[in-house]
Amino acid sequence: MARVELEITRRQFLAAGVAGTALLGTGMGPGRSNMAMNYPDPPWFSQGDVVTTYNYCDMCPWKCGIAVQTVNGQVMKIDGNSLDPKSRGMLCGRGQAGVSFMNDPDRLQSPMIRTGERGEGKFREVSWEEALDYTAEKILAIKDTYGPEALAIFGHTTGDFWFTDYFAQAWGTPNAAKPSSSLCLSPRDEASTLTLGFPVGGHEPMDWDEIECITLIGSHIGEDSRNTVMQDFIESRSRGAQVIVVDPRFSSAAAKADHWLPIKPGTDTALLLAWINVLITEDRFDRSYIDEWATGLDELTTHIQEFTPEWAAGITDLSAEQIRTTARVMSDRLPQAAIMPGRHVTWYGNDSQRMRAVFILNSLLGVYGRHGGMYFNKSPFLDSYPHPPFAVTGSSGGCSAEPGEESAELPLGPTGKARADGARDTFLRGPTAMQELIDPMITDDPYRIAGLMIYGVNLLNSIPIPSRTIEALKKLDFVLAVDVLPQEHVAWADVVFPEATFLERYDELSTVPYKTPFIQMREPAVAPMYDTMPGWMMARELGLRVGLDAYFKWETIEEYLDIRLRSVGSSLEKMHDAGGVIIQEGKPYLDEFVADGESPFHTASGKIELSVAELAEAGLDAIPVYEPTEEPPDGYYRLLYGRNPLHTFAKTQNTPVLSDLSPENELWINEDEAAALGYVSGDKVWLENDNGDRSGPIAVKATQRIRKDAVFMAHGFGQNAEGLTLANGRGASDTKLMSRYKLDPISGGAGMRINFVRLVEGD
Amino acid sequence: MAYAFLLDMSRCIGCEACVVACKSGNQLPVDRQYIKLIEHTSGTFPDLTGGFQNHRCYHCADATCVAVCPTGALFKEDGLTRLNRDACSGCGYCVQSCPYEVPVMSDGRSSKCDACASNVGAGGSPWCVTTCPAQALKYGDRDEILAEAKERVVALKDRYPKAQVYGETQAGGLGLILVLPDDPETLDIPADPPATPVVVDAWKEVVQPLSMGATVLAAAGAGVLGIIARRNHMAELREVDDKKKAGVTAGDSDTEEV
Ligand code: SF4
Ligand code: SF4
Ligand code: SF4
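Here the structure is a predicted model, which is why all the values come from computation and not from measurement. (Residues numbered from 1 in each chain as written. Chains lettered and ligands numbered in written order. Predicted model: local features only at pLDDT ≥ 70, side-chain atom pairs only at ≥ 80, totals over all residues. Heavy atoms only, no water.)

**Considering the overall build of chain B**
Item 1. When its secondary structure is counted, chain B shows eight helices and ten strands.
Item 2. Relative to its full complement of 258 residues, chain B shows a buried share of 60%.
Item 3. Contacts in chain B between residues at least 24 apart in sequence constitute 59% of all its contacts with a sequence separation of at least 6.
Item 4. On chain B, roughly 9,600 Å² of surface is accessible, and the fraction owed to carbon and sulfur atoms is 54%. (Helix = DSSP H or I, 4+ residues; strand = E, 2+ residues; numbered from the N terminus. Buried < 20%, exposed > 50% of the residue type's maximum accessible area, 1.4 Å probe, protein only. Contact = heavy atoms within 4.5 Å. Areas by Shrake-Rupley, 256 points an atom, 1.4 Å probe, with all protein chains shown as cover.)

Take a look at the structure:
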């Protein structure tokens, strides 16, 4: 901390003496008397009428319910909506920065059409009329020449519904994808569906109120600042629940753990198999639960014999003792002991099998549908807006799919073409794999993808091998970028649609599967700034221009929303008056299903499948095995990436208040390794992967908090976008250091933790 | 009545929601923040303990900053240390003298948490308290806060044998009562901050009635400078120490200017 030199202080001391005198001269002595004159200023909420609008936060995909406070037409503050089951009146730091996100001076302000070469970032501002007409003309030409499948649509965050789901399905392309699927959740949700018959869904349904043992495998609660999860985690832990954290890094959550297992990266499946071994061989699992609700115990018992803690110790760098102890800590508390499914699970390319092992272990602990284990999520009831049948249904699936919805059927486009991502060929099942659509854009195999609409995806900072993505962008006939900010990929667009932020627009209702299913609303706090437009309006205006009028019958969004809300006896007005949220009853526990004579497990057998025949039939392992992952070459470290509590993906780095507090990421490296390389904390380095790709500069954080074989950084920094005055060139990008990924043969997920980097001097 | 904050570091997970809530609620400009999360780690891999220092105003009853402030910009009210930035002359004595290194200069004036004087004065609750997802923060009557802190510590002893309340007596009793899982030094918090020397109070009297003799003025001034010198020395030591220690979080980028 830089401090005033004593010299200066001495001078100021004299000056202040004078100032003190001057003050006295005005008759204001020190103490409380001067306070009464001008302190404190009245707060903003006393400077006019406070108008509250209800919304759900868009600063990360978690969607906490918020109450937006506006005074004299200015959005002043965002609070958690106390009635909302996600926020319960509280918010994370990113959520608190929503106003700053809206007021970012770097925002896209007008529709634009490209004037220079693609990638040059040269545009002319145009009217909405021109931008929409031009876009409609371009995509219709693509449809006429190649068919509707030739238009790919990528979308992320809360407005993506209008493009990736609604428009894509009406238009008829199965090539709509979300990064939250194959770059994040797919292995988890496909493994869950195979094992239990339903995906995990948005919320990991941990029954926090009564849980006694929480196991986190690579879940960084605290650094991953999902509001509700932080609340629940801390509350159950403070109530006395044991915490087991498996992480190569002493994360914020590990620092709160009762047992920290600093595992060697890539060996989690070995640990999980050994835990299963202990539960079975020591007869420490919930046998009556398994007898009643699961199939495949005999096969599992035979399979697991060789996977002893001693076997796993050699692989994981943990001791057999640690493995046994933690297995017993869990089993002593079953069924109030669950392994949290986590979110970002696309790590090593065998991720569905690892997640299968998690769900098998949870089943042995008897957690599903049990108090203090994991409850069953239920989606809220709400009719869709009536529309003609879609040309293709469930085009992107993934996080928009509701629990219980099958993803087994591949959606086909109207011309009979299936997705171009290789599903059923290179991987078994799951929503469209975004990264698998890049090659077809370059090779025209299995068919040509000629157009791409990108809604809110930071394309070059989310899909591995960004150089390949750029090649694809060069080859496309047409690229539309819908965004709030001039993100890196926006320079590669032909047309740019600037979007109004979540505080400036109505939007689709958010339906949250939960213990108590609920519906959230989004209403604007202020009118759109600049010449921006809400996403729903863009999708509709485009729809009307390309012959999809039948899907966009509504004149106003209010009408659309009111019609949907009518099915639950509400309306926009009623919902607002009721505090912005509609809460319904769930069916969280097993006994309720038993009473109704139903099984909650929607697998072929109607039971939990410890061994999965569908996998065996596809030539895959019916029960997970451990597959070693590639080791870093000499002199290289495995690149691990994760979160920083003040940022979301590559979306918030330019948000002024967040950039002010957290302008760039740091490279966590083991202190001894750093010392051996001659680095101390604060030194700036570049990173280079074994393919020669570079990113940086990034500040070294030499710490004991990480193993010696890996380095770690928060994702989303190191962006190269001149229009982002705060984020441009700050820190290093993990994505730019990913020259490869490994495809998960079950879910199509892209395993990204198989990239290796070394520290090099500046460019 | 004396008010106080409860800050339970067994709950705080370092998410920095309080930092941003304070900035947005109080409409603080760029480069000004009243809370900083500073990561601390003890031990060597894999035998580690660690946590965050949630660095914010301690609201000392015997506040050195108030004692040295020549203009009355810093003052005590309801057990809390208020800061009227309009009255601040920018002398920086508070920055130099605070045993916890809390006030910093921003835009040429002192800057620190004033316990949401404006917000609470108009009937609100402190922004940081209402948003904290870990419910690590509470605000209320100091006696009740202190009693609750003691209860929490009892409940924590199983998990944290060294759990303790911090702030009951330090600096005359703090308006920020910490529940700590371990000794304060593990989070770089002084177990016993240096008290404000009596001479400083005398010096305050000096600045007001200028009729007082020059000798007294010099003597009292020397007392203040003594504290400042000592604080500078501490800061230097800490800087050396910081360099030795690994790891600061991204939120701890030490950007404020002094
Ligand atoms: S977790 Fe934070 S950023 Fe995400 S929705 Fe909630 S408040 Fe917003
Ligand atoms: S909001 Fe709460 S948990 Fe987060 S850093 Fe602040 S005090 Fe800690
Ligand atoms: S009490 Fe108010 S001013 Fe102080 S840290 Fe909390 S929010 Fe900021």
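**Remarks on the site of ligand 1**
Item 1. Around ligand 1, the surrounding shell holds 13 residues, and the nearest of these are Cys57, Cys60, Lys63, Cys64 and Cys92 of chain A.
Item 2. Here the shell around ligand 1 is built from residues that sort into seven nonpolar, three polar and three charged. (Near = heavy atom within 4 Å. Nonpolar A, V, L, I, M, F, W, Y, C, P; charged D, E, K, R; others polar.)

**A closer look at the nonpolar core**
As a rule of thumb, nonpolar side chains are buried together in soluble globular proteins.
Item 1. One finds Trp275, Leu364 and Tyr368 of chain A together with Tyr58 of chain B to be the most contacted residues of the largest nonpolar core, which totals 165 residues.
Item 2. The leading source of residues in this core is helix H9 (residues 268-281) of chain A, at ten residues.
Item 3. With near-sequence residues (within four places) excluded, tryptophan 275 of chain A lies in contact with Thr215, Ile217, Ile244, Val246, Leu261, Ile323, Thr326, Ala327, Met330 and Leu361 of chain A.
Item 4. Counting 53 residues, the second-largest nonpolar core is a separate cluster that includes Phe478, Val482, Leu509 and Tyr560 of chain A. (Core = buried A, V, L, I, M, F, W, Y, C linked by side-chain atoms within 4.5 Å.)

**Section: the packing of aromatic side chains**
Residues and elements named next belong to chain A.
Item 1. On inspection of all chains with the given rule, the structure shows 38 aromatic pairs over all chains.
Item 2. We note lysine 143 situated over the ring of tryptophan 171; from NZ or CZ to the ring centre the distance is 4.6 Å.
Item 3. For the cation-ring pair, lysine 701 lies above tryptophan 668, with the distance from its terminal atom to the ring centre recorded as 3.8 Å. (Phe/Tyr/Trp six-rings, centres within 6.5 Å; stacked < 30°, edge-to-face > 60°. Lys NZ or Arg CZ within 6 Å of the ring centre and 35° of its normal.)

**A look at the domain arrangement of chain A**
Residue and element names in this part refer to chain A.
Item 1. What the domain assignment lists for chain A is domain 1 (10-102), domain 2 (112-182 + 385-504 + 528-555), domain 3 (204-376 + 589-617) and domain 4 (637-760).
Item 2. Residue-level contacts link ten residues of domain 1 with ten residues of domain 3.
Item 3. Here domain 1 meets domain 3 over a buried area of about 800 Å², counting both sides, of which 47% is carbon and sulfur.
Item 4. Taken together, the connections running from domain 1 to domain 3 amount to one salt bridge.
Item 5. We note a salt bridge from aspartate 232 to arginine 88, for which the minimum N-O separation is 2.8 Å.
Item 6. Viewed at the interface, domain 3 and domain 1 are joined by seven residue pairs in polar contact (both at pLDDT 80 or more). (Domains from an automatic or database assignment. Buried area = accessible area lost by both parts, 1.4 Å probe. Salt bridge = Lys/Arg side-chain N within 4 Å of Asp/Glu carboxyl O. Polar contact = N/O pair within 3.5 Å; in protein donor to acceptor, adjacent residues only side chain to side chain.)

**Overview of the packing of H9 of chain A against helix H11 (residues 297-304) of chain A**
Two measures define how a pair of helices packs: the angle their axes make with one another and the distance between the axes.
Residue and element names in this part refer to chain A.
Item 1. Remark: H9 packs on H11, axes separated minimally by 10 Å, with the N-to-C direction vectors making an angle of 115 degrees. Comparing the axis directions of H9 and H11 gives the class roughly perpendicular. Crossing angle aside, the handedness with which H9 passes H11 is left-handed. Facing H9, whose interface residues are Leu273, Ile276, Asn277 and Ile280, H11 presents Leu297, Leu300, Thr301 and Ile304.
Item 2. The class makeup of the residues in the contact of H9 with H11 is six nonpolar, two polar and no charged. (Axes fitted to C-alpha atoms, helices over the stretch in contact; angles between N-to-C directions. Parallel < 35°, antiparallel > 145°, perpendicular 65-115°, else oblique. Left-handed = near helix turned anticlockwise from the far one by under 90°.)

**Points about the site of ligand 2**
Item 1. Around ligand 2 sit 13 residues in total, of which Cys12, Cys15, Glu16, Cys18 and Cys132 of chain B are the nearest.
Item 2. Residues of the shell around ligand 2, tallied by class, amount to ten nonpolar, two polar and one charged.

**As for the pattern of salt bridges**
Residues and elements named next belong to chain A.
Item 1. Applying the stated rule across the entire model yields 64 salt bridges over all chains.
Item 2. Taking the shortest distance from any N to any O, the salt bridge between arginine 522 and aspartate 507 comes out at 2.9 Å. Separated by 15 residues along the polypeptide, arginine 522 in the loop between strand S17 (518-520) and helix H17 (535-545) and aspartate 507 in the loop between strand S15 (495-498) and strand S16 (510-512) bring together distant segments of the chain. Both residues of the pair, arginine 522 and aspartate 507, belong to the buried class.

**Structural notes on the confidence of the model for chain A**
All names here are of chain A.
Item 1. When the pLDDT values of chain A are averaged, the result is 93; 93% of them are 70 or greater.
Item 2. Overall, residues 1-36 carries pLDDT values under 50, and its contacts beyond four positions in sequence, including any with other chains, amount to 60 contacts.
Item 3. A low-confidence stretch, residues 398-406 (pLDDT under 50), is modelled with 17 contacts involving residues beyond four sequence positions or located in other chains. (pLDDT = per-residue confidence, 0-100.)

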